[in-house]
Amino acid sequence: MNVVVTGAAGLVGAEVCARLAASGHSVVALTHRSATVADHRGVIPTTPFGGRFAAGVSRLTVDVTRPDLGLAAELVDRLCRGRCTLVHAAAVTEFGRDDSVYDAVNVRGTAHALALARRGEMPFVHVSTAYVAGANGYERSKSAAERLVRGSGLDAVVIRPSIVVGTEATGAIRAFRSFYVLLRLIVEGKVGALPGRYDALLDLVAVDRVADLVADAVHRFGEVRGRTLPAIGGRPVSLRECSDLFAEYPSFRVPKFVPPEVFRADTLSPAQRRYHDRVVRLYEPYLRDRTSFEDSATRAFHHRRPGITGVAHLRRLLDYCLAIGYLR
Amino acid sequence: MTSPDVEQLLKLAMAEVHVPPGSAVVLEGSIAEGFGTPHSDVDFLVLVDGEDQPSMPTVLFLDGRRVEVRMRSVRQVAAQFDAALTAPDAEVLDRCQRLLGAVPMRGESLLRSARSAVSTEAFGDRVSAWCGERSRQALRYAQAMAQLAQADDAADWAAVGLLYAVKSWAARHGETYLEPKWLPAQLDRIEARAGGPQDLVRRYRAGVTGAACVDLAEEFGVTGCRVEPGGVRLRRVPDVTTWPIGDRVHVLRDGVDVFAFDDGAGEVWRSIVFDRAPADGVDLDVLAQFVRLGLVGLSDAAGDPVRPDLRPVTPPPGRTCPALSARGGAVVGPVTLVPLPAHRFCAAGLDLVWSNVLAENAREDLLGALAVGGAGAGEFAGRRMAQVACRGLFSAAGVHPLPPDDALTRSLGELPFIDGSLVELARRAERPPVSLTDLDYLVAEVRAHTGAAGFPSSFESAADWQRTLELGHDWLRLAAYLGAVLPISDAADLLAPRGTA
């Protein structure tokens, strides 16, 4: 099978490439700025995609914000003649970016990927997010992208990961973004008080579990055509549990989660106020809401259960962060 | 002791203890092993071919000797042998060894049948392996403590490690009696059986110390006991958690013991990162103290734990009174064991914070009553302000639950850190006529005694209420972890799932 993966340099995209290539598929990894594709184990060997589908992973530089992903017509034709499945994992996932960036990459990027899929009659596997309630610009853009997918009339499946974190087995992750940035600010004491509630829930899903599900959806696309499949840990951790877990680590500082209705940012020190405004503010809904997800559709399709979830998984993530020096 | 003596003692013992028919009786212990002295206890084991027997021995004093008669069923003995081969510990190995080395007195065939569960060679291997592991971990601990600059610990544990290395070697040479005190006699017997002095034994007897113990232990066959220089890593210990209260670091051990650290010890504790070496320049004496207290473990660079046969130390509880303030447990020196179980420490701390909130609340009520000229309401609020302020003194002493409010001021004298002038002030402030000056002075005095100076006016503004919550927050986190009952409904709301508080 030939599979085209957008966002192949991203956390999920790279893991998907690795799995599909290991299963014997010809994978065309589409990346934007990165010239390499690396999963949590390291760089995946690639060859330049010159128009022929070959075993393993070949790479092609694209720009999803442009029609035809910025590819020359000949390359588009080659891809479209390849009877490919398209995994669309390209997205800006960091919080706090300008809406125009989300619109260009996450919304129009999806429209361009859909156009390519339509032209090549490609089954479309769309990597979205479980958090599509629209709490911030990122979520709104992912929600809009899902609407495009559903309205396209194409054969598509939507995968909705929750908060993507390190692997189940070791907690390893290639890049520390989003959740990890907030985590670091918290345990290093950069923010002493945050607006939040101890019963707020965070669903953490291991990147390998997400990638397994995406790869499974590619393999068995016919069984899940038209479906939306949450990719979740299934055992969300509360901020109380996070707080208790942090207590296991002598070096960790633990923030005070102050109910949002009485939290006052103006009481923070200037340094803490800066972190609050730049980072914490972006995560307020996550620190406040008891969001949980229902994944019976996923469980009915994908039979691998999470090996480790909840607090045990979070402990493994923290240990990994300490082991490699991301946290101190 | 001669055989007739033993036989005579057995007859006397059998007259005192009911022995089921068909049982075997053996002489076990040091006399049976040939190590006995005229002062040694005489130990008999009755092996019963029937129901399981109670563990406690019957202790008799016969003919000027202390005689112990222990009863075991055949099933119990079989279970002991099974445990010795699968999950041995010192007691099981000792029990099995005593039976294997016992001298039959009655029912030899039953004894032979019971002993057949394990061969002498297999048991010797097991004892050797067990002693070897104990030696290995003691020597690793010795080296780890040397790396933490704890010379005395290192020397003591090196000696222990070498001793068990010799015990391990001796077990491979047929000497499986577990008690270390008979090691010299065991070595004598090994040499006698070998027909002359043994070089290894000679070198052990000559005495070695420190790092040389590791070298010699290896020659006695205990390998894998080296910790590379600079290779010590700090290891997580289950059920040890960190709870800052204000600026003070507290560490909870096994959910029961609370250790309060002074600033220096707090810094050392904060420097600990699991699976890493101690931080550069850290106070190693304090770090070693954490290790002895079982607050942090040690491993080698490969992550293999260093596990000496050592239970965590518990120091004498801190004797400072009051035992706690709003900012945590009182400290005397780097590490102080709070003289209260964790639950009471936490409950008292929460009560202490809450007493300050209530004092602010009562003061608000009092000011309101005085403003409208309601004398009765003013007296009530003034009395309440005095009483809730005094609650803080009892809480600081670790009293929980608190005495009734009406009994507080007259019980103040029971608190050893309260002098007569404060008692008098409290009694005066509690009674009419209301004196806001006295009440404010009382509150200030109480706060000075309980580390709550500068407590915010909780009900004056949202900012003050937030400050109040933040002051109580650290206590609340610990309380929630311990599952304590929270005295403050707002606090419960802060920590508990919404809608359930």
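The structure displayed is predicted, hence computed values, not measured ones.

Our next topic: the overall build of chain A. Scanning chain A for helices and strands turns up twelve helices and 16 strands. Relative to a compact globule of 328 residues, whose C-alpha radius of gyration would be 20 Å, chain A shows 20 Å and is just as compact. Along the first, second and third principal axes, the C-alpha atoms of chain A reach 60 × 35 × 35 Å. A burial count over chain A gives 52% of its 328 residues as buried. Pairs at least 24 residues apart make up 79% of the contacts formed inside chain A by residues separated by at least 6 positions.

That bond from B:His400 to B:Pro401 is cis: its omega, 0°, falls within 30 degrees of zero. Tracing the sequence through the fold places B:Pro401 in the loop between α14 (375–396) and α15 (408–411). Cis peptide bonds are those with omega within 30 degrees of zero, and the linkage from B:Pro432 to B:Pro433 qualifies with 0°. By secondary structure assignment, the location of B:Pro433 is in the loop between α16 (420–430) and α17 (436–450). The phi angle at A:Ser178 is positive, at roughly 50°, despite the residue not being glycine. Tracing the sequence through the fold places A:Ser178 in the loop between β10 (163–165) and α5 (179–187). One non-glycine residue with positive phi stands out, namely B:Asp63, at about 50°.

Turning our attention to the UniProt feature "domain: Polymerase nucleotidyl transferase" (unreviewed entry) in chain B. Those residues carrying the UniProt feature "domain: Polymerase nucleotidyl transferase" (unreviewed entry) are residues 22–51 of chain B in this numbering. Structurally, residues 22–51 of chain B comprises 13% helix and 40% strand, and the distance from its first C-alpha atom to its last is 13 Å.

Bringing the domain arrangement of chain B into the picture now. Each assigned domain of chain B is listed here: domain 1 (3–118), domain 2 (122–219), domain 3 (233–337) and domain 4 (342–495). For domain 2 of chain B and domain 4 of chain B, the distance between their C-alpha centroids amounts to 61 Å.

To continue, consider the interface of chain B and chain A. Taken residue by residue, the interface counts 25 residues in chain B and 20 residues in chain A. The biggest single contributor to the side of chain B that touches chain A is helix α18 (residues 462–482) of chain B, with ten residues.

Another aspect to go through is the environment of A:Leu79. Residues and elements named next belong to chain A. Positionally, Leu79 belongs in helix α2 (residues 73–80). According to the C-beta neighbour criterion, Leu79 is buried, with 26 such atoms within 10 Å. As for Leu79 and Asp266, which are separated by 187 residues in sequence, their C-alpha atoms are 55 Å apart. Sequence-distant contacts of Leu79, defined by excluding residues within four places in its chain, comprise Val4, Val28, Cys84, Leu116 and Gly120.

This part takes up helix α6 (residues 120–147) of chain B. Residues and elements named next belong to chain B. Taking 1.5 Å of rise per residue, 28 residues should cover 40 Å, and α6 covers 40 Å from first to last C-alpha, within 8% of that figure. Burial within α6 is extensive, with 22 of its 28 residues counted as buried. Trailing α6 by a residue or two, Ala149 shows a phi angle of about 65°, which is positive.

Reading guide: rules and limits
- Residues numbered from 1 in each chain as written.
- Chains lettered and ligands numbered in written order.
- Predicted model: local features only at pLDDT ≥ 70, side-chain atom pairs only at ≥ 80, totals over all residues.
- Helix = DSSP H or I, 4+ residues; strand = E, 2+ residues; numbered from the N terminus.
- Rg over C-alpha atoms; globule rule 2.2 N^0.38 Å.
- Buried ≥ 20, exposed ≤ 12 C-beta atoms within 10 Å, placed from the backbone.
- Contact = placed C-beta atoms within 7 Å.
- UniProt positions renumbered as here; feature names shortened; annotations may be inferred.
- Domains from an automatic or database assignment.
- Expected span 1.5 Å × (residues − 1).

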